[in-house]
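# Structural characterization, general
Each chain, letter by letter, is given below.
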Amino acid sequence: QKEVEQDPGPLSVPEGAIVSLNCTYSNSAFQYFMWYRQYSRKGPELLMYTYSSGNKEDGRFTAQVDKSSKYISLFIRDSQPSDSATYLCATGSGNTPLVFGKGTRLSVIA
Amino acid sequence: GAVVSQHPSWVICKSGTSVKIECRSLDFQATTMFWYRQFPKQSLMLMATSNEGSKATYEQGVEKDKFLINHASLTLSTLTVTSAHPEDSSFYICSASSPGTHTGVGFFGQGTRLTVV
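Residues numbered from 1 in each chain as written. Chains lettered and ligands numbered in written order. Predicted model: local features only at pLDDT ≥ 70, side-chain atom pairs only at ≥ 80, totals over all residues. Heavy atoms only, no water.

## Observations concerning the overall build of chain A
The secondary structure content of chain A amounts to zero helices and 11 strands. Element order for chain A, N to C, with α for helix and β for strand: β-β-β-β-β-β-β-β-β-β-β. What you see for chain A is a C-alpha radius of gyration of 13 Å, in line with the 13 Å of a compact globule of 110 residues. Along the three orthogonal principal directions, the C-alpha set of chain A runs to about 40 × 25 × 25 Å. A total of 110 residues make up chain A; the buried ones form 43% of that total. For chain A, the exposed area adds up to about 5300 Å²; of that, 48% sits on carbon and sulfur atoms. One finds the centroid of the 11 positive side-chain charges in chain A at a distance of 6 Å from the centroid of its 10 negative side-chain charges. (Helix = DSSP H or I, 4+ residues; strand = E, 2+ residues; numbered from the N terminus. Rg over C-alpha atoms; globule rule 2.2 N^0.38 Å. Buried < 20%, exposed > 50% of the residue type's maximum accessible area, 1.4 Å probe, protein only. Areas by Shrake-Rupley, 256 points an atom, 1.4 Å probe, with all protein chains shown as cover. Lys, Arg positive; Asp, Glu negative; His and termini not counted. Charge placed at Lys NZ, Arg CZ, Asp CG, Glu CD.)

## Here's the deal with the pattern of salt bridges
Applying the stated criterion across every chain yields a total of five salt bridges over all chains. The closest approach of N and O atoms between Asp 83 of chain A and Arg 60 of chain A, which form a salt bridge, is 2.8 Å. Of this pair, Asp 83 of chain A sits in the loop between strand E8 (71-76) and strand E9 (85-92) while Arg 60 of chain A sits in the loop between strand E6 (54-58) and strand E7 (61-66), and the two are 23 residues apart along the sequence. For Asp 83 of chain A, a relative accessible area of 1% gives the class buried. Its relative accessible area of 25% is what places Arg 60 of chain A among the partly exposed residues. For Glu 22 of chain B, the salt bridge is made with Arg 24 of chain B, and the minimal N-O distance between the two is 3.5 Å. (Salt bridge = Lys/Arg side-chain N within 4 Å of Asp/Glu carboxyl O.)

## Looking at the interface of chain A and chain B
Contact residues are listed per partner, giving 20 residues for chain A and 24 residues for chain B. Buried area between chain A and chain B, summed over both chains or domains, comes out near 1700 Å², and the portion from carbon and sulfur atoms is 59%. Summed over the shared surface of chain A and chain B, the result is four residue pairs in polar contact (both at pLDDT 80 or more). Elements that contribute at least two residues to the side of chain A that touches chain B include exactly strand E4 (32-38) and strand E5 (45-51) of chain A. Across the side of chain A that touches chain B, the residue classes break down as 10 nonpolar, six polar and four charged. (Contact = heavy atoms within 4.5 Å. Buried area = accessible area lost by both parts, 1.4 Å probe. Polar contact = N/O pair within 3.5 Å; in protein donor to acceptor, adjacent residues only side chain to side chain. Nonpolar A, V, L, I, M, F, W, Y, C, P; charged D, E, K, R; others polar.)

## With respect to the confidence of the model for chain B
In the predicted model, chain B carries a mean pLDDT of 91, and 93% of its residues have values of at least 70. Ranking the elements of chain B by mean pLDDT puts strand E10 (residues 106-108) of chain B last, at 88, and strand E11 (residues 112-116) of chain B first, at 97. (pLDDT = per-residue confidence, 0-100.)

## So, the nonpolar core
Counting 42 residues, the largest nonpolar core has Met 34, Tyr 36 and Phe 100 of chain A together with Tyr 36 and Leu 114 of chain B as its most contacted members. Of the residues forming this core, the biggest block, five residues, is contributed by strand E9 (residues 90-97) of chain B. Residues Val 19, Ile 72, Ile 76 and Val 99 of chain A belong to the second largest nonpolar core, which totals 23 residues. (Core = buried A, V, L, I, M, F, W, Y, C linked by side-chain atoms within 4.5 Å.)

Okay, structure coming up:
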């Protein structure tokens, strides 16, 4: 079993839709949970991160971590065409290399 | 958030030559930086962990003599692709973790697109 599983999509939604992106992980030692957005030919941009379990909200974005089920989610409300990108989940602990999901390609259609 | 700058953003070189890529942490000190490689439509593949003042740790299958990493200061790590060949063409990205409130969270550079002709 891979350490982080993420559905690669592609996922296509109409503008204004609520988008749900998900990952599962296997290592219970992971403490940091991150979501990155990557546009084509660019480096990943940190969107949100959470430490341990819980929810975190930033504008239209909400990140959730359920450590009991080892499940990570990112919700995007009122999605916009500018949200079209690849979204990568990542986990890690301390200063060790992050473990990434494969990324989900999202297209928001105007 | 912490800022990581990578240079150059793209480079074209002839087969057999060497190319150096720089990764700088602009507003924090990074004792550890990471180098990744990314092929089109694929996720990031960790190549090596760069430690300030010591030898880099390479992932299995990555040739350390081909991908030379130097982390001479707390704000700079370099990746040199030696004797580059067309199969080395790829997107190379570095990341660093900022100590303190963002410990464990990785910040990425803009990436370097290398094309070997």
